[in-house]
Structure formats: C-alpha cells, structure tokens
Amino acid sequence: MMSKQATTSRKGLSSDSTALTLPRKLFFALLLLQLFNVLTLVQQLHPFYLVFALAALVLQWLGYLKTRNHSKRAQASLQALTQAHSTKILPSWLILILAISGSVVIAAAGKSLGLLASMIHLLCFAYSLKLFEISQRKDLYQLVVLGVFVATTSLIFIQSIYFSLLVLALVFANFYLLLNFFSPQRRLASELKLLAKLSIYSLPFAIILFVVFPKLTPFWQVPNVKSAKVGLSDRVKIGDIAQLALSNELAFRVSFENETPSHAQLYWRAMVLDDFDGVSWQQAGQRAGQHHYNRYYGANKENAKPSANVSLIGDAIDYQVIVEPSFQSWLFALDFATTQQGNIGQRDDFALFYRGIISQTTSYQVTSFLEAILAPSLSQQSRATNLQLVTENNPRLLAKAKRLRQRFQNDSELIQQVLTDFNQGRYFYTLQPPPVENNSLDQFYFDTRAGFCEHYASSFTYLMRAAGIPARLVVGYLGGELNPRANYLSVYQRNAHAWAEVWLPNRGWQRVDPTAAVDPERVERGFSNNLLQEHANLSDSFFSMQGLGSMWWYQQVRSQIDALDYQWTRWVIGYTGQQQLQLWAKLRAVFTQRQSLGYGLFFLLTCALLLVYFNLMQDKRHHQDKIIVIYLKTLALLAKYSLAKETAMTAQQFAQKVNRQRPELSASFQAITDSFAAVSYQGLTNQQYAQHLKAANRHYWRLRWRLGLTRLGIKN
C-alpha cells in the first residue's frame, strides 16, 4: 500500500523531472548564443529563414517579459523573479504545423538551393523551432548540441584560423552554458578550467582522427551561384582586368619547395582565350554553347608526352598552391604544369582546371617545367582557330598588319617591331584608360594610346593574327607578394594580368607580354610607383596600398597575421586525402624494413610500459579515492530525490539533514559518511581502508535499494 510520504515523494520527483526552470541569466545566454550561432552562417542562409530565426528570438523574449510582469503583479518572491520558466510560447499543434510546412518548403526549394544548402537550412530551422520546446533537461541538451552543429557547419565555407578560433569560442560558450546549468554555484574560473582540461584530454584523439581517419569526398557540392563568382571571368573585353586590379582580395598563395623564381617568371596561367568577336575574348567553342572542357588530359607527368604535344626540357620546380574559393573551376600554375591529383585535369591549351567548382579553400601540389616547349607542332584546326579574325571592326589594325608583313618576312622580326612600336610610340600604362567606342582596338592603338594589360595584349594578338601568325590571349596573374616570415607568395586580384602567346615553328607557343615593352617595371617588380599612386587614388578603402599599408608597423603585423593563417591553411585545411595516402605509404615503407620494424616495436613496447607504470602510480597515489567516489555517487543519488547537499554544509551536517528528512536512509548514509570522514581526515592502514571500503560499498547499494522501493511506493 502506498504511503502518503511515498506519494508526495513521487509527485515531487515527477514534477522535477518534467519541469525545466532556467535562471534568468542562463535564459538570456541561451537566446544570445542562438543568435551568434546562426550568424556564423548568415551568408549562406536565405533571407526568409533569417527573418523566421529573428522572429523566434523576439517571441521568446516577449514571452519572458510577459512571465516576468505577471510574476511582479502577483508579488512573486525574489527567487521567482530571477528564474525564467520555460513557458509554452506556441502550442504544440502550431509547432507541429510549422515543422511540417517548413520542411516541405525547404524540400521544394532544394533544387535551387542544392543538397548542402538544403541540409543547412533544415538544421537551422530545427534549431530555431527547438527553442519553443525546452520543457525538460533533454530538450536543453538537444538545443545545445544543435547549436554546436550549426556553429561548426560554418567551417565548410570559411576556414581561416581566425574564423575557426571564433567558432571554437562559440562551441566553448555552448558547453559552458550546460556546465553552468548543472553547477551554478561554481566560479567562472573553475568552470573555464574544467572546460580547458576536458578539451586538452580530447585533443590527442582529435589529432589522431584528423591524421588517420579516411578523408572521404563529400557527397554534396556547394551550388554554383553566379553572383558568388570572384576573380577572372571566362569572357574578357578591354577594361575588365583594369577594374579587377583595384581589388585587394586574396586569389591564392604559393609555397615553393626550393628557390622562388624571379618575378618576371611568375606568369600564373588560368585560361586561354582564342575566340575574338571584335569586342570580347572567350574560349573556342564556348560561344556556340559547347563545353569548353571537351578536350583535356590527365594532369600528371605521364601525360606530358608527344600525345599531349609537349616537350619537357629543363629542371622541374615543385610548389604547393592554396587557392581561395572562387566558385569557378580554373586553377593557377606556371607553364608547363603537372600534378598527380586525380581531381585536376588539363585542357589541351595547357591550363589546369578543377573537376568541379572551387567552393572552399583548395590545396594542390604542382610540378612545372618553365623551359618546356608547348606544342612544337600545330594542328590545322588549332592553326585555323588562332588565325580567325573579325575583319570589319578594326580596319586600321588590319592595314598595319599588312604593312608589317610586307616589311618583315621573319615572324620574330615582325613581333619585335610591334613591341618596339609600343615602347617608343608614347603609349601609357594606366588603371584609368580613356573609354573607347564599342571596345575598339583601332581607337586604343591609334588614338587614345593609354590602357591596361588587356588593351595591349588584345591589340597585339589581333595584329599577330592579321599578319598570319597564330596567336591567342592568356589571362591569369603576374607576380605575387612575398611573406618573408613564412616564405610564401600571396597573389591578389590586383595581380590579375593578360598577355599573348604566339606560335612559332619548332619553338611552339611563345609567351609575349606587350606590357613589358610599355611598363617594364610592372613585369620585373610588380606595380610601378605611378600604378601604386593610381591604385591609392581609385581605392576608397582606408586599407589601400598607400597610406596605412605603407606604415612599417602595419606591414609587420599584417605579415605575421598572414603567416599564421597560411600555416593553418597549408597544414590543416590543405591536408588532402592524397597526402594522407602518402603518409600511410611512408609508414608502411618504414615498418616493412626489419631494422625499422624492431625500432618501432621497441618504441611501442616502451610506451606501453610507461603507460602501465603511470596507471600504477596513479592508483597508488589515489588509492583512497574509491571511498570518496562512493560518497560522491551517493550525494548525486540523493540529489535526484530532492536531498541536495548545500555547498556550505559539512559532511556531518548533511548526514543530520538526511536523518531529519529521510530517517529510513539515515543508518546507511551515516555509515558511508563515517567512511568518507575516516579516509579524508585519518591515516588508515591498508586493512582499515579495506574494511571501510567494503562497508561503504555495502551501504551504498542498500541505500540505493531503499530509494528504489520508495520510488515504487513500497514502504520498507
């Protein structure tokens, strides 16, 4: 028969297990953390969801204000006013309708959003809805875990070391919220110390998993959003690259294994544009809607054979490229480039491309042969493509080409004459070229005579074709900024450049940069002083290349910050599946050698012995902790039955409290308390300790049995 006392105990337990009461400060922190967690993905989320997430937070805030005002009118106690009860802001049926309708909307928009974006929206939508139903502890756990997932998901898109540290701080804050809920009396320093200790314990496992766990290719792909594309375009007309040169945005970074080539050798090929309609340049076949990767090879060295029409001569240069997200597919490398990575291909114009969209920071290893002969023989189709002209747009350039051909039968002499004309003809290299009508090359070459790299490369390529020399336009980047602290090059959008390639018999495609004839300093060292001043005048940013950027202290700080971010990107973000396989291959090679295998076994045996010795020492040092553990388990057990020990209470004071409130438990708990006191304050022999341990363990299980019977309503 159920006693009145047991009935009261069960009701209190049931109420305690279902109702969740959050301290006011904890409730505010919960709302604030949800805002910050969602903000990490603000660039990836649809505006409709952002409005919904903000509305959910506002509703929770208004619900709290309503509860607080009601408590004040009812003259609630001070403790009640410092608590934020998890009230039902929305009824359950409305939450269910919102969940179903929101999921349907996300599924319907999945085609336009893409798989990854749809999953992220579904995760964030569940995170916002969960805020309306945190009536139990398990709901709070789920909400915090969802917040951690939301914050860490942002690392898919932004992976710099500084953003990663920000996300890590948010993860700490989410776990700190849980820790503060369970131990509100602990000091901030103590809780942070515990979090730091747990993180340090988990760090070795995280490193091992990062190094050895298979790096699988994700089954999702970031959608190719045209508005997100940055950098060079696959369609170029005169004036485009001059506008891009105003950007200080990072394009990619390069680290050479040995000596860095000179600035004049750093022509980073991105695309070859061989189709000119009189206004703009683009890749052949693209205008007709054909896929411009229909002719490509593997990018490994084995494909650089006569079938690929390349003659490899000279020394190889090895380097690593880390490219920033561009939402494009082309990559950057020095001619002639090879790589062993299977997700990289090479077009028949010798430019590398990624088999997909570069939606996140991507690392790849490249080997280049700067002296290689590209296409020593030229097919009829390629010759026709690179001699094609639109004759009606630039008649004066056509006439000049005919005159040049009459004067020079040798192609090299004709090329040199055009470069001499650029050098001696009062041409100006500028970021602010005067406008020309309908992108006329005639007007630029004969009238304005002022332009950026694409002006000179376009007109030069047109002249070559008109003179019967196969020629094409190449776009990419020139040079880079050396970071002396980490010895790598940073290539920015302002380094975007265009040059020409002409085909000569037995010499293949030869790079000709008309910019070198007009502004040699641009090719040899980077932006000239005049261009730097123009860049500063055109850049409204406080962080322009002049001004703050020229200050010594700013350069030092910026160099150090960039170096830290680069090392993080290179060794952590740039750790690819191929590098992982190479690491495993090296380890296998080491352990297959008998001598190395013996050393390895000796090392593992030594580590095992040290671990055993350490555990034995720990057991010896903490021999008496077993009774303390039993006492703490008993306290936790009693707390579940509304018998919580206050921090200021001594062990004997709490035993007296248990005797007053639950006399049937007093004998067992007093025995456990006596053993705890004996271990803590007396010097026990091994025999005495064994007796206390046996008694404490027996009484713990006896107390646990009595509490179990009480919960079932059985009087004992």
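What comes next is a walk through the structure. (Residues numbered from 1 in each chain as written. Predicted model: local features only at pLDDT ≥ 70, side-chain atom pairs only at ≥ 80, totals over all residues. Heavy atoms only, no water.)

All chains considered together, the criterion is met by 14 salt bridges. A salt bridge links Lys400 to Asp421, with the shortest nitrogen-to-oxygen separation between them at 3.3 Å. A residue pair is termed long-range when its members are at least 10 positions apart, and Lys400 in helix α13 (residues 395–407) and Asp421 in helix α14 (residues 411–424) qualify at 21 residues. Across the pair, Asp421 and Lys400 agree in class, each one buried. Put simply, Arg269, Asp335, Arg472 and Glu501 are held in one network by salt bridges that share partners. (Salt bridge = Lys/Arg side-chain N within 4 Å of Asp/Glu carboxyl O. Helix = DSSP H or I, 4+ residues; strand = E, 2+ residues; numbered from the N terminus. Buried < 20%, exposed > 50% of the residue type's maximum accessible area, 1.4 Å probe, protein only.)

This part takes up the environment of Thr634. Position of Thr634 among the secondary structure elements: in helix α23 (residues 625–639). In the structure, Thr634 is positioned 67 residues away from Trp701 in sequence and 9.5 Å away in space, judged by C-alpha atoms. Excluding anything up to four places from it in sequence, Thr634 contacts Phe669, Ile672, Tyr700 and Leu703. (Contact = heavy atoms within 4.5 Å.)

This part takes up helix α24 (residues 651–661). Considered for burial, the residues of α24 that qualify are Ala651, Phe654, Ala655, Lys657 and Val658. Projected onto a plane normal to the axis of α24, the buried residues spread over an arc of 160 degrees and lie on a single side. (Arc of directions from axis to C-beta.)

On to the sheet that holds strand β21 (residues 496–504). Here we have four strands laid out as an open sheet, ordered β5-β18-β21-β22, and antiparallel in their pairing. Among the strands making up the open sheet, the edge pair consists of β5 (267–273) and β22 (508–512). Here the strands of the sheet are splayed against their neighbours by 35 degrees on average, with no regard to which way each runs. In the sheet, β5 pairs with strand β18 (residues 471–478) via six bridges, with the strands oriented antiparallel. When the bridges of β18 are listed, Val272 appears paired with Val474. Taken strand by strand, α14 contacts β21 and β22, and its axis lies near 155 degrees from that of β21. Where helix α16 (residues 453–466) meets the sheet, it contacts β18, β21 and β22, and its direction lies at approximately 15 degrees from that of β21. (Pairing = 2+ DSSP bridges. Axes fitted to C-alpha atoms, helices over the stretch in contact; angles between N-to-C directions.)

Once that is clear, we can look at the sheet that holds strand β7 (residues 280–282). Across the sheet, three strands lie side by side as β3-β7-β6; this open sheet has antiparallel pairing. In this open sheet, the two edge strands, each paired with only one partner strand, are β3 (235–237) and β6 (275–276). Across three bridges, β3 lies against β7 in antiparallel orientation. Its bridge partner lying in β7, Val236 is registered against Trp281. Strand contacts of α16: β3, β6 and β7, with the helix running at about 80 degrees to β7, the strand carrying the most contacts.

Running from N to C, helix α25 (residues 666–681) and helix α26 (residues 686–711) point in directions that differ by 150 degrees, and their axes come no closer than 8 Å. If you check the angle between α25 and α26, you find them roughly antiparallel. Crossing of α25 against α26: the hand is left-handed. Taking contact as the criterion, the partners of Ser668, Phe669, Ala671, Ile672, Ser675, Ala678 and Val679 in α25 are, on α26, Tyr689, His692, Ala696, His699, Tyr700, Arg702 and Leu703. Along the lines of polarity and charge, the residues of the contact of α25 with α26 split into nine nonpolar, four polar and one charged. (Parallel < 35°, antiparallel > 145°, perpendicular 65-115°, else oblique. Left-handed = near helix turned anticlockwise from the far one by under 90°. Nonpolar A, V, L, I, M, F, W, Y, C, P; charged D, E, K, R; others polar.)

In this section: the nonpolar core. The biggest cluster of nonpolar side chains holds 75 residues, and the ones touching the most others in it are Phe252, Trp268, Tyr319, Phe460 and Met464. Among the elements that line this core, the one with the most residues is α16, at seven residues. If you look at the next biggest cluster of nonpolar residues, it comprises 35 residues, including Leu30, Leu31, Tyr49 and Leu170. (Core = buried A, V, L, I, M, F, W, Y, C linked by side-chain atoms within 4.5 Å.)

For the rest of this paragraph, the subject is unusual backbone geometry. Cis rather than trans, the peptide bond between Asp335 and Phe336 has omega equal to -10 degrees. Tracing the sequence through the fold places Phe336 in the loop between β10 (316–323) and β11 (337–338). At Phe327, a residue that is not glycine, the phi angle is positive and equals roughly 55 degrees. Structurally, Phe327 can be placed in the loop between β10 and β11. Residue Phe327 is classed as buried on the basis of its relative accessible area, which comes to 16%. Phi angles above zero are rare outside glycine, and Arg449 is one such case at about 60 degrees. When you line up the elements, Arg449 lands in the loop between α15 (441–448) and β17 (450–451). Take Arg449: its relative accessible area is 27%, and that puts it in the partly exposed class.

With that out of the way, let us pick up the pairing of strand β14 (residues 362–369). Strand residues, when the strand is regular, have side chains that alternate between the two faces of the sheet. Judged by how many residues are buried, β14 sits mostly within the fold: six of eight residues are covered. Here β10 runs beside β14; their pairing, made up of eight bridges, is antiparallel. Paired with Ala316 across the strands is Phe369, a residue of β14. In terms of strand pairing, β11 meets β14 through two bridges, oriented antiparallel. Bridge assignment links Thr338 to a residue of β14, and that residue is Thr367.

By the secondary structure assignment, Thr339 is in the loop between β11 and β12 (344–347). Here Thr339 falls in the buried class, since its relative accessible area comes to 3%. Polar side-chain contacts of Thr339 include one of 3.4 Å to the backbone nitrogen of Gln341. Only 2.6 Å separates the side chain of Thr339 from the backbone oxygen of Gln365, close enough to count as a polar contact. (Polar contact = N/O pair within 3.5 Å; in protein donor to acceptor, adjacent residues only side chain to side chain.)

With the rule as written, the count across this model stands at 30 aromatic pairs. With centroids separated by 4.7 Å and ring planes inclined at 10 degrees, the aromatic side chains of Phe252 and Phe332 adopt a geometry described as stacked. Of this pair, Phe252 sits in strand β4 (residues 250–256) while Phe332 sits in the loop between β10 and β11, placing them 80 residues apart in sequence. The two residues Phe252 and Phe332 agree in class, both being buried. Geometrically, the ring pair formed by Phe336 and Phe350 is edge-to-face, given 6.0 Å between the ring centres and 80 degrees between the ring planes. Placement of the pair is Phe336 in the loop between β10 and β11 and Phe350 in the loop between β12 and β13 (352–354), with a sequence separation of 14 residues. The same class applies to Phe336 as to Phe350, namely buried. Through successive ring pairs, a cluster of aromatic residues spans Phe422, Tyr427, Tyr429, Phe444, Tyr445, Phe446, Phe452 and Tyr456. (Phe/Tyr/Trp six-rings, centres within 6.5 Å; stacked < 30°, edge-to-face > 60°.)

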